[in-house]
Amino acid sequence: MNGKKIRLSKSSISEAEKSAVLDVLDTEFLGMGAEVAHFEKEIKVYLQTEMEVACVSTGTAALHLALVALELGEGDEVLVPSITYVASYQAISATGATPVSCEVLSDTLFIDINDAERKVTLKTKAIMPVHYASSSVGMQEVYIFAQKHDLRVVEDAAQAFGSRRNGTLVGVSGDIICFSFDGIKNITSGEGGAILSKDRELMQKVQDSRLLAIEKDTQKRFSGQRSWDFDVKLQGFRYHMSNIMAAIGRVQLTRLESFKEKRQSVARKYVKELNALESVTFLSFDYQEVVPHIFVIKAQDRDNLRQFLLDNLIECGIHYKPNHLLTKYQTSELLAVSEALYSEILTLPCHNDLSDKEQDYVIEKIKEFYGK
Ligand SMILES: *Cc1c(COP(=O)(O)O)cnc(C)c1O
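Q: For this particular structure, what's the right way to read the nonpolar core?
A: General note: in soluble globular proteins, nonpolar side chains tend to be found buried as a group. One finds Tyr132, Tyr270, Phe295, Ile297, Leu348 and Ile366 to be the most contacted residues of the largest nonpolar core, which totals 38 residues. Elements with a contribution of two residues or more to this core: helix H9 (243–274), strand E10 (280–282), strand E11 (295–299), helix H10 (302–311), strand E12 (345–348) and helix H12 (356–369). Non-local contacts of Tyr270, meaning those with residues more than four positions away in its chain, are made with Asn275, Phe282, Phe295, Leu348, Pro349, Leu354, Gln359, Val362 and Ile363. One finds Ala61, Val78, Met128 and Ile176 within the second-largest nonpolar core, a separate group that totals 28 residues.

Q: Explanation requested: the packing of aromatic side chains in the structure shown.
A: Working definition: an aromatic ring pair is given by the centre-to-centre distance plus the angle between the planes. For the coordinates displayed, the defined rule picks out 13 aromatic pairs. Ring centres 4.9 Å apart and planes at 85° place the aromatic pair Phe161 and Phe179 in the edge-to-face group. One end of the pair, Phe161, is in the loop between strand E5 (152–156) and strand E6 (164–165); the other, Phe179, is in strand E8 (residues 176–180), and 18 residues separate them in sequence. Classification of Phe161 by relative accessible area gives buried; the value is 1%. With relative accessibility at 0%, the residue Phe179 sits in the buried group.

Q: What is the right way to read the site of the ligand from this model?
A: For the ligand, the set of nearby residues contains 16 residues, the closest of which are Gly59, Thr60, Asp156, Ser180 and Lys185. A distance of 2.7 Å separates an oxygen atom of the ligand from a polar atom in the backbone of Gly59. Considering the ligand on its own, with 380 Å² of exposed area, one finds that the protein chains cover 94% of that surface. Elements with a contribution of two residues or more to the shell around the ligand: helix H3 (59–69) and helix H4 (86–94). Looking at side-chain class alone, the shell around the ligand contains five nonpolar, eight polar and three charged residues.

Q: Teacher, can you tell me more about a nonpolar patch on the surface here?
A: A contiguous nonpolar surface patch, about 250 Å² in accessible area, is contributed by Leu22, Leu25 and Leu30. Secondary-structure assignment places Leu22 in helix H1 (residues 15–27).

Q: Help me understand the side chain of Glu40 in this model?
A: With respect to the helices and strands, Glu40 occurs in helix H2 (residues 34–47). Relative accessible area serves as the criterion here: at 7%, Glu40 is assigned to the buried category. There is a polar contact of 2.8 Å between the side chain of Glu40 and the side chain of Arg210. If we ignore the near neighbours within four places in the chain, the residues touching Glu40 are Val53, Ala54, Cys55, Arg210 and Phe222.

Q: What am I meant to see in the sheet that holds E8 here?
A: Each strand in a sheet pairs with another by means of backbone hydrogen bonds, the pair being arranged parallel or else antiparallel. With respect to topology, seven strands assemble into an open sheet ordered E1-E9-E8-E5-E4-E2-E3, the strand pairing being mixed. Every other strand in the sheet has two partners, leaving strand E1 (52–56) and strand E3 (98–102) as the edge strands with one partner each. On average, adjacent strands in this sheet sit at an angle of 25° to one another, irrespective of strand direction. Summarising the sheet, strand E2 (residues 77–81) and E3 pair through five bridges and their orientation is parallel. The residue of E3 that forms the bridge with Val80 is Ser101. In this fold H2 packs onto E1 and strand E9 (193–197), with an angle of close to 135° to the strand it touches most, E1. Helix-sheet contacts for helix H7 (residues 200–209) involve E1, E5, E8 and E9, and the interaxial angle to E1 is about 20°.

Q: Looking at this structure, how should I read the pairing of strand E4 (residues 124–127)?
A: Consecutive residues of a regular strand have side chains that alternate between opposite faces of the sheet. The sheet contact formed by E2 and E4 spans three bridges and is parallel. Looking at E4, one finds that Val78 is bridged to Ala126. Pairing geometry for E4 and E5, over two bridges, is parallel. Each bridged residue has a counterpart across the sheet, and for Ala126 the counterpart in E5 is Arg152. For the handedness criterion, the β-α-β arrangement of E4, helix H6 (residues 139–149) and E5 is classed as right-handed.

Q: Mind showing me how you'd approach empty space enclosed by the protein here?
A: Here the idea is plain: a probe the size of a water molecule rolls over the atoms and shows the empty space left. Taken as a whole and judged by the stated rule, the model has two cavities of 30 Å³ or more. In terms of lining residues, the largest cavity is bounded by 13 residues, among which Ser12, Gly183, Lys185, Gln252 and Asn352 are the most central. If you add up the space inside the second largest cavity, you get close to 30 Å³. Along its surface, the second largest cavity is lined by Leu8, Ser9, His293, Ile294, Phe295, His319, Thr347, Leu348 and Cys350. Taken together, the residues of the lining of the second largest cavity sort by class into five nonpolar, four polar and no charged.

Reading guide: rules and limits
- Residues numbered from 1 in each chain as written.
- Predicted model: local features only at pLDDT ≥ 70, side-chain atom pairs only at ≥ 80, totals over all residues.
- Heavy atoms only, no water.
- Core = buried A, V, L, I, M, F, W, Y, C linked by side-chain atoms within 4.5 Å.
- Buried < 20%, exposed > 50% of the residue type's maximum accessible area, 1.4 Å probe, protein only.
- Helix = DSSP H or I, 4+ residues; strand = E, 2+ residues; numbered from the N terminus.
- Contact = heavy atoms within 4.5 Å.
- Phe/Tyr/Trp six-rings, centres within 6.5 Å; stacked < 30°, edge-to-face > 60°.
- Near = heavy atom within 4 Å.
- Polar contact = N/O pair within 3.5 Å; in protein donor to acceptor, adjacent residues only side chain to side chain.
- Areas by Shrake-Rupley, 256 points an atom, 1.4 Å probe, with all protein chains shown as cover.
- Nonpolar A, V, L, I, M, F, W, Y, C, P; charged D, E, K, R; others polar.
- Patch = residues over 30% accessible without salt bridge, like charges linked within 9 Å, V, L, I, M, F, W, Y side chains within 5 Å.
- Salt bridge = Lys/Arg side-chain N within 4 Å of Asp/Glu carboxyl O.
- Pairing = 2+ DSSP bridges.
- Axes fitted to C-alpha atoms, helices over the stretch in contact; angles between N-to-C directions.
- Right-handed = clockwise from strand over helix to strand, strands pointing away.
- 1 Å grid on protein atoms, 1.4 Å probe; cavity = no way out; pocket = protein on both sides within 12 Å on 5 of 7 lines; lining within 4 Å.
- Points joined across faces, edges and corners; volume = space filled by probe spheres on them.

And the structure:
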């Protein structure tokens, strides 16, 4: 492939994003203002939802603010799958609460509710299911479980913007949903994230706390004003989204339909072409519904396959090292399923600009490795 590395993931930026950013620069109003208000409105329109939308600086900030708004802190516990990006864990521990690592199901890597059931205590206040590789099959069981134990649900849907479950877009309903718009997610705003909920009181807290908890500052900024005589009652953060970021996000939202088709067709092609290999298995996802942020296989002899692909200039990933194996979050308990999966999972290149030729080459090299 001309000595050029095939990338695992990347942003996809057209002239439209560039000119939208230049337009914002021309206004000389770069912080949080009208552009962010438009982006929030357009997300709401895209999802056709009653949920309120608040955009913030990152997906991690979205998760953190959601948990802060739930007033979690020292002594509280949050159930979370061990296999997720460490952002989920950092957001929980940033509040002072303890992330409690749960097993995942081996066919979807979604949180194992039976394990969550074993780990729920009187200290448990919330559960954070992760839309692993953009799928959230099993979410219904999470809500039944949460209702039974009187828990709030903060969905880490960082990877799932544009994905559907039972025909409905993720984010249309649910307790609290957090998206990420970082550079390589399904759409990007450079960095960025969003929190969605129908809980008005909670969303007012979120809106205030993203701007140093200055009361009603969001409303002021959206109409081009500033707050001079204000009150602050809560801990706040500088987690707002800027107009520059929103300008990128607004254009990306108009491109989501084409991103969706591309990502789904990449996933389907991998499944079709690699299906015959006994050494490779797939997550059981429906790629009519899921818009895959990452494409993950379970591979025998994973480390050697990974090295072989790297030697052939194909970038691969491992999503993720189980968090209970990290120093900060380690437990004495064994999570056998997660640890076994950790030695098998491999993420193959999947992004909007992956060419047919590049994907064919990846497929050919995987077949070659297994001697097919
Ligand atoms: C990307 C991601 C996040 C964090 O989002 P950022 O925008 O990068 O802060 C959280 N959880 C998961 C599962 C993610 O993939």
